[in-house]
Amino acid sequence: MIYPWFEPVWQQIARHWQQQPHAWLLYGHPGIGKREFAEYLAQALLCESPRTNHQPCSECTSCHLYSQHSHPDFLLVTPEEADSEGGERKQALIKVETIRNVLDFAHLSAHRGGKRVALIYPAESMNLQAANALLKILEEPPAGMVFILVSHQKDRLLPTIKSRCRQVALTMPARAQALAYVQQQHGDNAADLLAFHGGAPLFADNDSHNQLRNELIPLLIKPRLIALLDYAAAFDKQKLALCTFLDWLAKWLLDMSLAQQHIHAMYYPAWQNALNEITGQINPLSLFALIDRVNALAPYGKHTLNVKMQLEDLLIDYLNVWQHKNTKP
Ligand SMILES: [Zn+2]
């Protein structure tokens with residue numbers, strides 16, 4: 001299935017069905033349903049009795065095999081699962097050995113006589129070696145082979161790869177449509193959740209994340225050294241990645257800077273009053289410096305560095321943003 005907000009994109013693809021590229025690049029913001037769209041496209045390419053508008057029939061042998069994840073002419077390529085030890089801290093990559101399997105697959109003849117499809121998700125998780133290996137085959141694709149690359153961050157792909165693909169932008173749904181969907185999935189809290197996720201309607205409702213985030217915001221409103229350090233320890237115990245914390249903090253800092261300019265909060269609208277109240281106590285220059293620092297750390301957010309130490313350091317810096325520091329425990 002595809003999400004309703006992507007219907008117009010599907011219509012567009014269906015209208016030009018006869019002029020298909022051998023490689024697609026579907027890109028857009030995380031959390032909007034790109035992968036489902038890519039899988040739908042793959043199923044449609046393999047379907048043996050497509051419906052109107054080239055939609056997959058869900059009934060033919062090919063569609064059955066596809067829905068059971070056992071279609072011999074379909075290959076899904078995702079980063080190797082992070083081992084449980086590292087939890088979400090381990091960086092997941094698509095390595096060159098994996099892409100070599102794709103090359104072997106590409107040169108086989110189709111089991112069912114139709115196309116062969118490889119879906120690479122997300123494409124930016126290929127390391128440089130893997131990307132170069134893929135590039136070779138994109139330059140001379142075997143007949144009947146279709147690649148579907150999906151990317152959250154198109155800028156991180158090699159330009160030479162991008163130029164070999166037909167690029168299709170999958171854009172964020174309109175707010176009303178996204179809100180209706182989130183309401184249906186998550187109930188009352190929908191507007192706040194949608195705001196926190198920057199308008200992207202698909203996200204896992206992760207209890208441990210939600211709880212830790214809900215504990216963080218009151219601390220950020222009334223920061224106290226000991227409480228902040230305790231928080232860093234509690235966060236570290238959950239083995240969550242630094243990037244998770246950076247995401248929460250970066251969004252909060254952005255809302256703080258918006259409040260200083262009398263602009264409504266983007267990510268934490270439920271905390272608007274508190275944001276307005278604290279704005280007089282914030283040193284704007286220190287705030288911008290901290291925002292820069294958080295942004296600079298972002299590329300390291302998945303590495304297994306000392307997460308607790310990083311958090312402590314950031315939270316102490318946060319305390320320094322306050323002109324009237326309150327360091328009493
Ligand atoms: Zn079918």
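Being a predicted model, the structure only gives us computed values, none of them experimental.

A.B. asks: Could you give an account of the sheet that holds strand E4 (residues 145-151), with specific residues and numbers?
C.D. replies: What the five strands build is an open sheet, ordered E2-E3-E4-E1-E5; its pairing is parallel. Either end of the sheet is taken by a strand with one partner, and the two such strands are strand E2 (74-77) and strand E5 (166-169). Pairwise comparison of adjacent strand axes, ignoring direction, gives a mean angle of 15° for this sheet. Together, E2, strand E3 (116-120) and E4 form the strand contacts of helix H4 (residues 96-107), whose direction differs from that of E3 by roughly 165°. Set on the sheet, helix H5 (residues 128-139) makes contact with strand E1 (23-27), E3 and E4; between it and E4 the angle comes to about 140°.

A.B. asks: How would you summarise the coordination of the zinc ion if you had to cite specific residues and measurements?
C.D. replies: Donor atoms from the polypeptide that bind the zinc ion are Cys47 (SG), Cys57 (SG), Cys60 (SG) and Cys63 (SG), placed at 2.3 Å. When the donors of the zinc ion are listed by position in the chain, the intervening gaps give C-x9-C-x2-C-x2-C. With Cys47 in the loop between helix H2 (34-46) and helix H3 (61-67) and Cys60 in the loop between H2 and H3, this residue pair connects regions lying 13 residues apart in the sequence. The class for Cys47 is buried, based on a relative accessible area of 9%.

A.B. asks: Go over the packing of aromatic side chains with me, naming the residues and quoting the values.
C.D. replies: Counted under the stated rule, the structure contains 16 aromatic pairs. Between the aromatic rings of Trp252 and Tyr268, the centroid separation amounts to 5.5 Å while the plane-to-plane angle is 70°, which identifies the pairing as edge-to-face. Of this pair, Trp252 sits in helix H11 (residues 242-260) while Tyr268 sits in the loop between H11 and helix H12 (272-278), and the two are 16 residues apart along the sequence. For the pair shown, Trp252 and Tyr268 are each scored as buried. Each residue in the set Tyr3, Trp5, Phe6, Trp10, Trp17, Phe37, Tyr40 and Tyr181 is aromatic and connected to the rest through ring pairs, giving one cluster. Geometry around Phe196 places Lys251 over its ring, the cationic atom sitting 4.2 Å from the centre.

A.B. asks: Tell me about the pattern of salt bridges, residues and numbers included.
C.D. replies: Throughout the structure, instances matching the rule amount to seven salt bridges. Between Arg35 and Glu39 there is a salt bridge whose closest N-O contact spans 3.0 Å. Note that Arg35 and Glu39 are positioned in helix H2 at a spacing of four residues, about one turn of the helix. Of the charged contacts, one joins Arg112 and Glu48 as a salt bridge, the two residues approaching to 2.7 Å between their closest N and O atoms.

Quick notes on the rules
- Residues numbered from 1 in each chain as written.
- Predicted model: local features only at pLDDT ≥ 70, side-chain atom pairs only at ≥ 80, totals over all residues.
- Heavy atoms only, no water.
- Pairing = 2+ DSSP bridges.
- Helix = DSSP H or I, 4+ residues; strand = E, 2+ residues; numbered from the N terminus.
- Axes fitted to C-alpha atoms, helices over the stretch in contact; angles between N-to-C directions.
- Contact = heavy atoms within 4.5 Å.
- Donors = N, O, S within 2.8 Å, 3.2 Å for Na, K, Ca; no water.
- Buried < 20%, exposed > 50% of the residue type's maximum accessible area, 1.4 Å probe, protein only.
- Phe/Tyr/Trp six-rings, centres within 6.5 Å; stacked < 30°, edge-to-face > 60°.
- Lys NZ or Arg CZ within 6 Å of the ring centre and 35° of its normal.
- Salt bridge = Lys/Arg side-chain N within 4 Å of Asp/Glu carboxyl O.

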